[in-house]
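Chain by chain, the residues run as shown.
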Amino acid sequence: MTAVPGPAEFAEHENDHQHADVSGGWLRAGVFGAMDGLVTNIALVAGVGGGGADRHAIVLTGMAGLVAGAFSMALGEFASVDTQNDAVEYEVSIERDELRRHPSAEAAELTEMYVEMGLSRETAEAVSREVSADPELAVKVHITQELGVDPDDRPSPWTAAISSFVAFSIGGIFPIITYLLGYSSLLLALAVGAVGLFVAGALTSRFTTRSWWLSGLRQLLFGAIAAGATYVVGVLIGVGVAG
């Protein structure tokens with residue numbers, strides 16, 4: 001028979017069993033915003049620089065890309081998260097109506113879900129009866145099981161928008177830092193952007209099972225592909241215009 005842990009043992013377990021806070025919608029928006037800001041502006045700098053633009057033109061392009069991208073990301077995140085929340089609310093209303101009109105059928109459906117999860121039918125029926133006795137709990141359980149979302153834990157569109165805006169702005173400033181400081185070397189700017197890509201990728205490993213160096217290299221590779229493509233376009237267009 002398994003011993004029931006005492007208060008001290010439970011407290012020790014809680015201290016050793018901490019999770020990172022990944023709720024609220026900030027993580028995905030923040031990571032996506034930072035990576036997009038870095039890749040977008042590194043690609044812009046590489047393309048414009050490859051086309052032969054001077055320092056002033058590159059700074060103007062980078063700042064325009066930063067501002068436009070930050071607002072675009074923020075508005076897009078707000079709209080997408082708000083729409084997703086509305087969709088979940090709509091599904092909740094449908095499920096609540098189904099539970100009101102067909103309680104027995106919904107209870108039987110829940111029983112089958114628990115059986116498929118591995119519970120014995122007797123246990124599944126007992127759990128289903130207890131859940132179905134509380135209408136709000138029944139709605140929550142059905143939505144969670146059928147849609148894979150918790151209706152009580154919906155991300156904030158404002159949190160997603162602000163996280164995305166700030167993260168994109170921080171990521172987007174990296175590729176033009178050297179130009180803002182007075183330097184005119186494209187290679188130096190791309191090197192700083194590459195460091196930003198690697199560091200940003202490495203930091204995301206804190207929330208995943210991937211190693212920090214692999215996460216960093218992966219993001220660096222993605223940025224290099226985008227920068228290489230736009231650099232080639234910039235060179236070709238620059239040569240064409242010059243000719």
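Read on for an overview of the structure. It should be emphasised that the depicted structure is a prediction, and the values quoted were computed from it without experimental measurement.

**Overview of a nonpolar patch on the surface**
A cluster of nonpolar side chains, W158, I162, V166 and I170, forms an exposed patch at the surface whose accessible area comes to about 440 Å². Looking at the element boundaries, I170 is found in helix α7 (residues 157-173). According to the relative accessible area criterion, I170 is partly exposed, its value standing at 48%.

**What about helix α2 (residues 26-50)?**
Under the 1.5 Å per step criterion, the end-to-end length of α2 is 35 Å for 25 residues, consistent within 8% with the ideal 36 Å. Of the residues flanking the end of α2, it is G52, one or two places downstream, whose phi is positive at about 95°.

**Points about the pattern of salt bridges**
Evaluation of the coordinates by the stated rule reveals seven salt bridges. Of the charged contacts in the structure, one is a salt bridge between R100 and D97, with a shortest N-O distance of 2.5 Å. A residue pair is termed a helical-turn pair when its members lie 3 or 4 positions apart in one helix, as R100 and D97 do in helix α3 (residues 55-101) at three residues. Its relative accessible area of 27% is what places D97 among the partly exposed residues.

**Quick word on the packing of α3 against helix α6 (residues 135-147)**
Put simply, α3 and α6 touch, their axes get as near as 10 Å, and they point 120° apart. Here α3 is positioned oblique relative to α6, judged by the angle of their axes. In this structure, α3 crosses over α6, and the sense of that crossing is right-handed. Listed contacts from α6 to E91, V92, E95, R96 and L99 of α3 are P135, E136, A138, V139, H142, I143, E146 and L147.

**As for the nonpolar core**
If you look at the biggest cluster of nonpolar residues, it comprises twelve residues: V88, V92, L99, L110, M113, Y114, A124, V131, A138, V139, V141 and I143. The biggest single contributor to this core is α6, with four residues. Every residue in contact with V131, bar those within four places of it in the chain, is listed here: L110, Y114, L137, A138 and V141. The next biggest cluster of nonpolar side chains, apart from the first, holds eight residues, and it includes V39, A46, A200 and A227.

**Quick look at the packing of α2 against α7**
Between α2 and α7, whose axes approach to 7 Å, the crossing angle comes to 30°. Viewed along their axes, α2 and α7 adopt a mutual orientation that is roughly parallel. For the pair α2 and α7, the crossing hand works out as right-handed. Between α2 and α7, the residues in contact are W26, A29, G30, G33, A34, D36, G37, L38, T40 and N41 and T159, A160, S163, S164, A167, F168, G171 and G172, respectively. Residue composition of the contact of α2 with α7, grouped by class: seven nonpolar, ten polar and one charged.

**Some thoughts on the environment of G33**
Considering the arrangement of structural elements, one finds G33 in helix α2. When the C-alpha atoms of G33 and I170 are compared, they prove to be 8.9 Å apart, with 137 residues separating the residues in sequence. For G33, the residues in contact, after removing those within four places along its chain, are M73, S164, A167 and F168.

Conventions used here
Within each chain, residues carry numbers counting from 1 in the order of the written sequence. Where local features are concerned, this predicted model is filtered to residues with pLDDT of at least 70; where side-chain atom pairs are given and counted, the filter is 80 or more; whole-chain, interface and lining totals use all residues. Side-chain numbers come from the whole structure's heavy atoms, not from hydrogens or water. Exposure above 30% relative accessible area and the lack of any salt bridge qualify a residue for a patch; like charges then connect within 9 Å, and the nonpolar side chains Val, Leu, Ile, Met, Phe, Trp and Tyr within 5 Å. Surface exposure here means Shrake-Rupley accessible area, sampled with a 1.4 Å probe, where a residue is shielded only by the protein chains that are shown. Salt bridges are defined as contacts in which a side-chain nitrogen from Lys or Arg sits within 4 Å of a carboxyl oxygen from Asp or Glu. In DSSP terms, a helix is any run of H or I states spanning at least four residues, a strand is any run of E spanning at least two, and both are numbered starting from the N terminus. Under the scheme applied here, a residue whose accessible area is under 20% of the maximum for its type counts as buried, over 50% as exposed, and between as partly exposed, the area being computed with a 1.4 Å probe on protein chains only. Between the first and last residue of a helix there are one fewer steps than residues, each counted as 1.5 Å, and that sum is the expected span. Helix axes use the C-alpha atoms of the stretch in contact, all axes being lines fitted to C-alpha atoms, and the angles between their N-to-C directions lie in the range 0 to 180 degrees. The cut-offs work like this: below 35 degrees is roughly parallel, past 145 is roughly antiparallel, 65 to 115 is roughly perpendicular, and the gaps in between are oblique. Note on convention: the crossing is left-handed when the near helix lies turned anticlockwise from the far helix by less than a right angle, right-handed when the turn is clockwise. Any pair of residues with heavy atoms lying within 4.5 Å of one another is described as a contacting pair. The criterion is simple. A nonpolar core is a set of buried Ala, Val, Leu, Ile, Met, Phe, Trp, Tyr and Cys residues joined through side-chain atoms within 4.5 Å. Put simply, Ala, Val, Leu, Ile, Met, Phe, Trp, Tyr, Cys and Pro go in the nonpolar bin, Asp, Glu, Lys and Arg in the charged bin, and everything else, Gly too, in the polar bin.

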